[in-house]
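# A closer look at the structure
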Amino acid sequence: MRVVSGIQPTGQPHLGNYLGAIRNYVKLQDDAVAAGGECLIFLADLHALSMPHDPKELYASTLELVATLVACGVDPNKAVLFNQAQVPAHSELQWLLNGTARMGWLNRMTQFKDKSGKNREGASIALFTYPVLQAADVLLYQATHVPVGEDQKQHLELARDIAQKFNKDFASEDAPVFTLPEPIIPPEAARIMSLRDGNAKMSKSDPSDMSRINLADDADEIMKKVKKAKTDPEPLPSEAKGLEGRAEAQNLVGIYAALADESMDQVLATFGGEGFGKFKPALGELLVETLAPIGERFRELKDDRESLDAILARGAAKARELGGPTLTATYDALGLVRGK
Ligand code: TRP
């Protein structure tokens, strides 16, 4: 079992990142260790170049995200935690895979269409080839399992297509160069929505801070945001079925269920028939209970530049070691000679 996943170091991490991705990393790092495998979690700083970014802030946000991951329970002694920029093999392998990836495949990627919008001609080439770098990220380590959100499923399928074509074109059947990675998409709680609009994802790019719970928010901010969260006037139903067509109510019950590790039906068995006047304070308390210790550890760590640098340096050294053989096998398969 080899788990590999990346997360972009832009913007403030929020509850959606925690329930959709980070919490899952913590479980998977333990599973991987128990299975005698490895778990690699990296900060996708190279991917940040695909959109306008501020060079002065990139490393600071990278360190802030490392502090967040560790505060949430990612353990640098169990997982290999690093940033892409310290492992040149990611960039190298991407170039080598550019010969295998097809224009037609990339033209179908919905994230490129969404992010380039009406300005396709002005989009960066990095935004277009973003999924090839993502394929390199996982293929470099022979990843077997890749935890991602639903929105990244298409990129994982592309990684599989690239691996398959490369193996077919450049390797023999009994000695493939790349492993085909499986996506792992967390079932519930994968889609945490905005507190202001139950049909939009909770996002760091939403201009309203009231739309999201940041992992660094203190108890007062959390309670205030939950209290002001958009709802409807109806009481809660006694089963999840009754939430259909009530996006905001569904989102709040979903958050409660994810935090309590219960099903929505279980939550509604307790709160069915109650109004939001009763449910919101309970949700707020549960959020504070979960996030307060994370916030505390985060504040302890975030200014400890030396420890954070050291975590990344140690992770990068291990990642370079783990990725080395695959990079060499790829150069070899392509007939490229690097010398000694
Ligand atoms: N594209 C991913 C996202 O936006 C981040 C990412 C980059 C990633 N490389 C990856 C995720 C490799 C999984 C595996 O969420």
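These remarks concern the structure in this document. (Residues numbered from 1 in each chain as written. Predicted model: local features only at pLDDT ≥ 70, side-chain atom pairs only at ≥ 80, totals over all residues. Heavy atoms only, no water.)

Turning our attention to the site of the ligand. Taken together, the residues surrounding the ligand are S5, G6, F42, A44, H47, Y130, Q134, D137, V138, V146, V148 and Q152. Here a nitrogen atom of the ligand and a side-chain polar atom of Y130 are 2.7 Å apart. In the environment of the ligand, a nitrogen atom lies 3.0 Å from a nitrogen or oxygen atom belonging to the side chain of Q134. Within the complex, 86% of the 370 Å² of free accessible area of the ligand lies under protein. Looking at the shell around the ligand, the elements that each hand over two or more residues are β1 (2–7) and α6 (125–139). Per-element accounting of the shell around the ligand gives the leading share, four residues, to α6. Split by residue class, the shell around the ligand holds six nonpolar, five polar and one charged. (Near = heavy atom within 4 Å. Polar contact = N/O pair within 3.5 Å; in protein donor to acceptor, adjacent residues only side chain to side chain. Areas by Shrake-Rupley, 256 points an atom, 1.4 Å probe, with all protein chains shown as cover. Helix = DSSP H or I, 4+ residues; strand = E, 2+ residues; numbered from the N terminus. Nonpolar A, V, L, I, M, F, W, Y, C, P; charged D, E, K, R; others polar.)

This part takes up the pattern of salt bridges. Oppositely charged side chains are able to pair whenever their charged atoms sit close together. In total, this model carries 16 salt bridges according to the counting rule given. The salt bridge partner of E239 is K241, with a shortest N-O separation of 2.9 Å. For E239, a relative accessible area of 41% translates into the label partly exposed. Linked through salt bridges whose partners overlap, the residues forming this network are D209, R212, D217 and K225. (Salt bridge = Lys/Arg side-chain N within 4 Å of Asp/Glu carboxyl O. Buried < 20%, exposed > 50% of the residue type's maximum accessible area, 1.4 Å probe, protein only.)

Function cannot be read off these values alone, since they describe shape.
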